[in-house]
Amino acid sequence: MDSIPPIVLTTDFGLADPYVGVMKGVILGINPWAAIIDLTHSIQPQNIMQAAFVMGASWRYFPPGAIHVAVVDPGVGTRRKAVLLITPRASFLAPDNGVLSDVLAQHLDNPPAGASATVSVPPGCAAYQLAEPSFWRPRVSNTFHGRDIFAPVAAHLSRGEAPAALGPPVAELTYRPSPRPVREGRQVRGEVVYTDHFGNLVTNISESMAIEDGLVRVEIKGRGIDRLSLTYRDANTAGEGHLLALVGSHGYLEIALADGSAARQLPAGTGEVVTLYYG
Amino acid sequence: MDSIPPIVLTTDFGLADPYVGVMKGVILGINPWAAIIDLTHSIQPQNIMQAAFVMGASWRYFPPGAIHVAVVDPGVGTRRKAVLLITPRASFLAPDNGVLSDVLAQHLDNPPAGASATVSVPPGCAAYQLAEPSFWRPRVSNTFHGRDIFAPVAAHLSRGEAPAALGPPVAELTYRPSPRPVREGRQVRGEVVYTDHFGNLVTNISESMAIEDGLVRVEIKGRGIDRLSLTYRDANTAGEGHLLALVGSHGYLEIALADGSAARQLPAGTGEVVTLYYG
Amino acid sequence: MDSIPPIVLTTDFGLADPYVGVMKGVILGINPWAAIIDLTHSIQPQNIMQAAFVMGASWRYFPPGAIHVAVVDPGVGTRRKAVLLITPRASFLAPDNGVLSDVLAQHLDNPPAGASATVSVPPGCAAYQLAEPSFWRPRVSNTFHGRDIFAPVAAHLSRGEAPAALGPPVAELTYRPSPRPVREGRQVRGEVVYTDHFGNLVTNISESMAIEDGLVRVEIKGRGIDRLSLTYRDANTAGEGHLLALVGSHGYLEIALADGSAARQLPAGTGEVVTLYYG
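Residues numbered from 1 in each chain as written. Chains lettered and ligands numbered in written order. Predicted model: local features only at pLDDT ≥ 70, side-chain atom pairs only at ≥ 80, totals over all residues. Heavy atoms only, no water.

1. Topic: the environment of A151 of chain C
All names here are of chain C. Its location among the elements puts A151 in helix α4 (residues 145–158). Between the alpha carbons of A151 and I7 there is a distance of 9.2 Å; along the sequence they are 144 residues apart. Apart from the residues lying within four places of it in its own chain, the contact partners of A151 are M23, V26, I27, H145 and G146. (Helix = DSSP H or I, 4+ residues; strand = E, 2+ residues; numbered from the N terminus. Contact = heavy atoms within 4.5 Å.)

Right, dumping it as structure tokens:
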């Protein structure tokens, strides 16, 4: 028996309702051997950008061929398309509403900045519209395509169904650019794009910018941090109130508090400006 | 290797404590190949009716033969029976306290209304009392039959154990009727029976009642909605404050708010009256 | 195909972030057949003692050979060791920070009381330092050893890798003794060590102490309970406000409230003193 690519779920459904369990039931009805992993179901309701960040930061830790399913879908039942994006390392099933933006950006040479738009399917990738009802549940609701379309299609894919059977190729996908850090002279101004359970503030400032020679100060809400730490419990830290700046596991600069929550202490959250000063 | 029917768990245990994990450990000790799915563990503590609704609305999305386990069990360790109900499409392990009421109602021609009672096992179904300790953990606590009785019995069933080996047949099961909509002339008066994570208010008014010809108004807390929507983002909606009425994925009339929470905006929750007026 | 020992995860990561899902992705990339069970991810951030209690109370319900992974790791990236402890019935991967204390105590004849220290690896057990990077992710972060070290090592172990290949044996492990009940004349004074989702207050007073002959009164916050109950709904209970004392499923004395939350009603939580009086 060959290995079956896992199906990885990202939704804003929460875990209190039976919605996630029902999707898994539908999947197992089609592929009883499917390995199903929850990435998270705690995306804020209808927060497409948060889901895009989480998927973009996580997909590379899954085995090649993993089938990612994103159901953050405020437009369910309207004319928005449902799509499959195939990259060299993974497959992504999602509504075509921008939830794949971070994954797309990682596969484009020059991802567009500026306003919401569409992008061409990146080189080496392919995309299809989910248009073939024979891979869906017999009766499709207007309100729960996670159960009626995405789950059964994921299950069929995990059994080896050919992507091209699912519907016609599409050339462009919706793209909602996430905020990018801005460089001005000897400064880089980024922002917090994700706050985790520990109160760590994950910014959009990449590791390469953060470890650049000459960094003299990281600033958030008027408080300065004068060096990068390596761990959440850096013994040499001299920053105010033990506020730390470090490159976190996502690969981005994080603001953290030794043995505490930076989000609560500052307080700060998504959108807060973080500035790097180089000497 | 044949497909193994999945074991589907519904409890009020929450996910913070190790109770759910421990049940899964017990299951895997008996059947290492079991596929275990969480339907939900967020049933309100000891809210039997909520669990009955969730299971009744969800079981049909699981593969035939799925083994549903419901542990919402305020009477654990007392004389309440533990039972197995087998329907043509699924098996249900549960305390005999009414948690199977919605499943039973769906298999009865004339489910009793009125006060709490018992019903006969529906035609085409069978039920057994769990009375054979050789399928339980060697030492059974008075406080955690999920771990000591239901989990091991589910695991044995998933390996193909014969239901009749588990204990004697039972002819009647506890039945706690859920509130039913009342028709009075050109009105139907129902109520909210479930509130989901998005703040959608799920009523007990079935799709067939909701789509009946001549519906002119849906009313909740004095606010009227004059048409049914098809999606949560219905462009043509003219209702006050974008309150929507639609047939949701459970198959019942729901009150929702476009891009928001109807539960919070109204505010309203379980038990709130919803009235349909027909012209 | 032989049975694969399950991998059981205990962390303080919560379920909102993608961290747990990412660990599972790493595991499946190495062992696509791994059965992964969540014990809990709701350990309070960096609460090593809580994790130690939960694991000590739960491991015996998992199949022999289960691979437990504990990632409650405030010192991640510092010089604290990462270790594998092998007991006759299970394996435990964890930072060497005391999170294995309850498991160790259960395997020692005379676990030390008093201040934090180290203990020798118990007889019949073995321990290894995780020191062989070929079993880790190629690039190890300073902030997420759950993903970069513990998950891949667990996956390799579940495939049958020899423990001794992972690194050199270690003779001593960090041990942080949990509070023990104190006996003074005809009293035993213990304390609440865990509060569950139902508001049951789990003490450190073992079943054998609780069921000792002559128990006349259990006292918490000045309120007395004059007998042990067998169930959470004990019909014969005459205690004030239906407060109950019973031996719970963890094997310890619990204070509970019939159909309610003792934690909320008293109110009380971890550290609250519970005294047993014998006649």
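Next, the rest of the story.
2. Re the environment of R217 of chain B
Residues and elements named next belong to chain B. Positionally, R217 belongs in strand β12 (residues 215–220). C-alpha of R217 to C-alpha of L104: the two residues are 113 residues apart in sequence and 32 Å apart in space. For R217, the residues in contact, after removing those within four places along its chain, are G222, R223, G224, I225, D226, T275, L276 and Y277. Separated by 2.9 Å, the side chains of R217 and E219 make a polar contact. (Polar contact = N/O pair within 3.5 Å; in protein donor to acceptor, adjacent residues only side chain to side chain.)

3. Quick look at the interface of chain A and chain C
Reports of interface size often rely on the accessible area that becomes lost once the parts have come together. In this complex, chain A contributes 32 residues to the contact, which on the side of chain C involves 31 residues. Buried area between chain A and chain C, both sides added, is near 2600 Å², and the carbon and sulfur share of it is 62%. Interface area lost by chain A to chain C is led by Y61, H197 and F198 of chain A, which between them contribute 24%. Put simply, chain A and chain C have one salt bridge between them. Salt-bridge contacts for R139 of chain C lead to E207 of chain A; the nearest nitrogen and oxygen are separated by 2.9 Å. At the boundary of chain A and chain C, one finds eleven residue pairs in polar contact (both at pLDDT 80 or more). Only β2 (36–40), α2 (48–58), β10 (187–195) and β14 (243–247) of chain A provide two or more residues apiece to the side of chain A that touches chain C. Looking at the side of chain A that touches chain C element by element, the count peaks at four residues for β2 of chain A. Taken together, the residues of the side of chain A that touches chain C break down into 16 nonpolar, ten polar and six charged. (Buried area = accessible area lost by both parts, 1.4 Å probe. Salt bridge = Lys/Arg side-chain N within 4 Å of Asp/Glu carboxyl O. Nonpolar A, V, L, I, M, F, W, Y, C, P; charged D, E, K, R; others polar.)

4. A look at the relation of the copies chain A and chain C
Turning one copy of the chain about an axis and sliding it along that axis gives the other copy, so a rotation and a shift relate them. With an RMSD of 0.0 Å, chain A superimposes on chain C once it is rotated by 120° and translated 0.0 Å along the axis. On the angle and the small slide along the axis, the relation comes out as a three-fold axis. Of all interface residues in chain A, a mere 6% are interface residues in chain C too; the two copies therefore contact each other through different surfaces. (Least-squares fit on C-alpha atoms with pLDDT ≥ 70 in both.)

5. A few points about the sheet that holds strand β7 (residues 126–129) of chain C
All names here are of chain C. As summarised here, the arrangement of the six strands in space is β2-β1-β3-β5-β4-β7, forming an open sheet in which the pairing is mixed. Taken across any chain shown, the strands that pair with only one partner, and hence form the sheet edges, are β2 (36–40) and β7. Averaged over neighbouring strand pairs, the angle between their axes works out to 20° when direction is ignored. As paired elements, strand β1 (residues 7–11) and strand β3 (residues 66–71) share five bridges and run parallel to each other. Counted as the bridge partner of V8 is H68 from β3. Across the sheet, helix α2 (residues 48–58) is in contact with β1, β2, β3 and β5 (90–95); its angle to β2 comes to roughly 125°. (Pairing = 2+ DSSP bridges. Axes fitted to C-alpha atoms, helices over the stretch in contact; angles between N-to-C directions.)

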